[in-house]
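Residues per chain, in single letters:
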Amino acid sequence: MTVSEQPRPSDFIRDIIDDDIRANKYGGRVHTRFPPEPNGYLHIGHAKSICLNFGIAAQYRGLCNLRFDDTNPTKEEQEYVDSILDSVRWLGFDWEDRLYYASDYFDQMHDYAVQLIKAGGAYVDDLSADEIRDHRGTLTQPGKESPYRNRSVEENLDLFARMRAGEFEDGSRVLRAKIDMASPNLNMRDPVMYRILHADHHRTGSKWCIYPMYDWAHGIEDSIERITHSICTLEFEDHRPLYDWFLEQLGVYHPQQIEFARLNLSYTVMSKRKLLQLVEKGHVSGWDDPRMPTIAGLRRRGYTPSSIRDFCDRIGVAKTDSTINIALLEHCIREDLNRTAPRAMAVLNPLRVVIDNYPDSETEELDAINNPEDQGAGTRKVPFSRVLYIERDDFRENPPSRFFRLAPGREVRLRYAFLITCVGVKKDESTGEVVELHCTYDPATRGGDTPDGRKVKGTIHWVSADHAVQAEVRLYDRLFTVENPGDVEDGCESVLNTDSLEIVTGHVEPSLANAAPGTSYQFERLGYFCADLKDSSPERPVFNRTVALRDSWAKIEKRL
RNA sequence: UGGGGAAUCGUCUAGCGGUAGGACAGCGGACUCUGGAUCCGUUAGCCCAGGUUCGAAUCCUGGUUCCCCAGCCA
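It should be emphasised that the depicted structure is a prediction, and the values quoted were computed from it without experimental measurement. (Residues numbered from 1 in each chain as written. Chains lettered and ligands numbered in written order. Predicted model: local features only at pLDDT ≥ 70, side-chain atom pairs only at ≥ 80, totals over all residues. Heavy atoms only, no water.)

**Student:** With reference to specific residues and values, describe the nonpolar core.
**Tutor:** One finds Ile44, Val88, Ile308 and Phe311 to be the most contacted residues of the largest nonpolar core, which totals 40 residues. Listing elements by their share of this core, those giving two or more residues are helix H2 (44–59), strand S2 (63–68), helix H3 (78–91), helix H10 (295–301), helix H11 (305–315) and helix H12 (326–340). A domain-level breakdown of this core finds at least three residues from each of domain 1 (12–262) and domain 2 (272–342 + 471–559). For Val88, the contacting residues outside a window of four places in its chain are Phe34, Leu42, Ile50, Phe54, Leu66, Phe93 and Trp95. Counting 33 residues, the second-largest nonpolar core is a separate cluster that includes Ile117, Ala122, Met188 and Tyr211. (Core = buried A, V, L, I, M, F, W, Y, C linked by side-chain atoms within 4.5 Å. Buried < 20%, exposed > 50% of the residue type's maximum accessible area, 1.4 Å probe, protein only. Helix = DSSP H or I, 4+ residues; strand = E, 2+ residues; numbered from the N terminus. Domains from an automatic or database assignment. Contact = heavy atoms within 4.5 Å.)

Shown next, in the form of structure tokens:
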């Protein structure tokens, strides 16, 4: 390759694929799959897997299937299927005509089970769940064989057929693989293949009352779809011998399973169980609450698909357990939105400013640049008048050193407007709180220029009080107060950040009144904000803070 | 005291017997009509102990620490 080319992103999985292609292992084919269970919404950890699987397929000119691993009707719902489809699509990936469901293969799986029974590799066990657990042994002690382990093939066939026919109660019998009750790998101690579940399935309805277990189902699904590299997370490493055993016994096409470390992110949780709990206990408004690490939540928060893909590219793929700093995700969205988000002015914590020497009834329109990073974004008009709002933080009665903003007697630039000088401070007599500033403006500085070349250190944002539109602004912060909430022994609820949402009424420039839901803006000097997908309307604009701008003054001030 | 994995700057990640590199974070500076962005500079790491070798993050031996597994969940 030439020096100007980007080095191809690589990792241990791509290294394996490179080797396989070199060895012509699957005829040079690369075919991956993303196999979610529709029992919850997708989160940023799934995004890592999606980017990996679809990314590899694209890179090697292979294919990637989207497959629902819907083998447990008691936990799965159509709502989750819909949300997953939506999330994968939104992230920018296309499964074309390859949308599959494990439930589509239930007949085939059943036939394979019959085949395995006939080969003496599986048996129907009448033990209860408790008894099976007792027979399993422990980590250090071998298990005991079930008394039903050596039933004849005929009896097994008959019993399995009756299981399927619905003759038995839930939990009364299971089909088990006949492997080795003394195996040091507990997964090999006669794992359950089928359980009886008289439950309606979201796709097959009441057709089945026996459902396959993950280990039995997954390899078959991969095999049927001619997957080459079955990529999953580390906790399945122990299951690989079983994955291999089933496919070998069946004598069918055999993909290879490869495991990588799942994503952990600081200050949030990633397990579906914990996320479900946050939803069910009302700690958040739903799976798509902008504080959730779900794809739907990130989307509503204002994250873009490209920023999430970029994040997934940057974190890499390895087998080390790791926790990525949330700051990296924030970096990715800032970098993206800095390039693309139009700027606007909004005051979230207003302080009234009266320009004493500006005519009472006059209004003028000033030109503001929409995006300094993108010349093509053009300009817009911003109304200016005698009474304005500025941010309360941008005024100090007794400014500390290196404070460049407004203070009594000081001059600052109003962005794209005029230079103003503070000539008076009006306070509430009882509380001492500053309630209004009086300033004078320099008409020669229209647009913010200084014809005399004088330098002004501070530039602050503002809105015209009469023209500003009120908007609900939701200021989000991290959901948890500790870096690894998942590690908290008594549950992560005890470390929930009670200030993760602050709602304020912002005064925003009029151009923002018609912000289309889902569009992002940079509120200058504050951060990136996104018109809420669900709640924002022209009558009542609602903005979510995606992420604050880097604030180097806050750092300086902290050290003062 | 079973089995399966993993250990490289604060956090991720490259390295495949030959100068430990990148990203984020941090720190310093330049520039700036966003204390934004950008640019420049900089701090900081091979789990430990032996061994092999001219030379070890890499190979060998022995330790240590962490993660996963005893669902009829996936």
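**Student:** Would you mind going over the side chain of Arg33 in detail, with residue names and values included?
**Tutor:** With respect to the element layout, Arg33 can be found in strand S1 (residues 31–34). Among the polar contacts made by the side chain of Arg33, one reaches the side chain of Ser230 at a distance of 3.1 Å. Filtering out sequence-adjacent residues up to four positions away, Arg33 remains in contact with Asn53, Cys64, Asn65, Arg67, His218, Asp222, Glu225, Ile227, Ser230, Ile231 and Cys232. (Polar contact = N/O pair within 3.5 Å; in protein donor to acceptor, adjacent residues only side chain to side chain.)

**Student:** Lay out the sheet that holds S2 with the relevant residues and their values.
**Tutor:** A sheet is described by the order of its strands in space; here three strands give the open sequence S1-S2-S3, paired in parallel fashion. Only two strands of the sheet have a single partner each, and these edge strands are S1 and strand S3 (99–101). On average, each strand axis in the sheet is inclined to that of its neighbour by 35 degrees, with strand direction left out of account. Both S2 and S3 contribute to a ladder of three bridges, which runs parallel. Paired with Leu66 across the strands is Leu99, a residue of S3. Set on the sheet, H2 makes contact with S1 and S2; between it and S1 the angle comes to about 160 degrees. (Pairing = 2+ DSSP bridges. Axes fitted to C-alpha atoms, helices over the stretch in contact; angles between N-to-C directions.)

**Student:** Lay out the sheet that holds strand S5 (residues 174–177) with the relevant residues and their values.
**Tutor:** Pairing is antiparallel across the open sheet formed by four strands, whose spatial order is S4-S5-S6-S7. In this open sheet, the two edge strands, each paired with only one partner strand, are strand S4 (122–125) and strand S7 (210–212). In this sheet, adjacent strand axes meet at a mean angle of 20 degrees when their direction is disregarded. Summarising the sheet, S5 and strand S6 (residues 192–196) pair through three bridges and their orientation is antiparallel. Looking at S6, one finds that Val174 is bridged to Arg195. In the packing of helix H4 (residues 106–118) onto the sheet, contacts are made with S4, S5, S6 and S7, and the angle to S6 comes to roughly 120 degrees.

**Student:** Help me get a handle on the side chain of Glu221, residues and values and all.
**Tutor:** Along the polypeptide, Glu221 turns up in helix H7 (residues 214–224). Residue classification places Glu221 among the buried residues on the basis of a relative accessible area of 0%. With sequence-adjacent residues up to four places away left out, Glu221 is seen in contact with Arg67, Asp69, Thr71, Ala102, Tyr105 and Met109.

**Student:** Pulling in residues and values, what's your account of unusual backbone geometry?
**Tutor:** Despite not being glycine, Asn24 shows a phi value in the positive range, around 55 degrees. You can see Asn24 is positioned in the loop between helix H1 (12–22) and S1. In this structure, Asp190 is a non-glycine residue whose phi angle is positive, near 50 degrees. Its place among the elements puts Asp190 in the loop between S5 and S6.

**Student:** Provide a residue-level description of the packing of aromatic side chains, including the pertinent values.
**Tutor:** Applying the stated criterion to the full structure yields 21 aromatic pairs. When the ring of Phe523 is compared with that of Phe529, the centres are 4.2 Å apart and the planes differ by 10 degrees; the resulting orientation is stacked. We note that Phe523, like Phe529, is buried. A connected cluster of aromatic rings, assembled from ring pairs, spans Tyr358, Phe384, Phe418, Tyr441 and Trp462. (Phe/Tyr/Trp six-rings, centres within 6.5 Å; stacked < 30°, edge-to-face > 60°.)

**Student:** Outline the pairing of S2, listing residues and values.
**Tutor:** Burial within S2 is extensive, with five of its six residues counted as buried. Relative to S2, S1 is paired through four bridges, and the arrangement is parallel. Bridge assignment links Arg33 to a residue of S2, and that residue is Asn65. Tracing the backbone out of S1, into H2 and back to the parallel element S2 gives a crossover that is right-handed. (Right-handed = clockwise from strand over helix to strand, strands pointing away.)

**Student:** So, the domain arrangement of chain A: which residues are in play, and what are the values?
**Tutor:** For chain A, the assigned domains are domain 1 (12–262), domain 2 (272–342 + 471–559) and domain 3 (346–461). Here the C-alpha centroids of domain 2 and domain 3 sit 29 Å apart. With 23 residues of domain 2 at the interface, the matching set in domain 3 holds 25 residues. Taken together, both faces of the contact between domain 2 and domain 3 bury some 1900 Å²; the carbon and sulfur share is 53%. The salt bridge partner of Glu557 is Arg396, with a shortest N-O separation of 2.9 Å. Taken together, the links from domain 2 to domain 3 amount to eight residue pairs in polar contact (both at pLDDT 80 or more). Of all the elements in the fold, those that place two or more residues in the side of domain 2 that touches domain 3 are H12, strand S23 (469–476), strand S24 (501–508) and helix H13 (552–559). The element that contributes the greatest number of residues to the side of domain 2 that touches domain 3 is S24, accounting for five residues. Each residue belonging to the side of domain 2 that touches domain 3 can be placed in one class, and the counts come to 12 nonpolar, six polar and five charged. (Buried area = accessible area lost by both parts, 1.4 Å probe. Salt bridge = Lys/Arg side-chain N within 4 Å of Asp/Glu carboxyl O. Nonpolar A, V, L, I, M, F, W, Y, C, P; charged D, E, K, R; others polar.)

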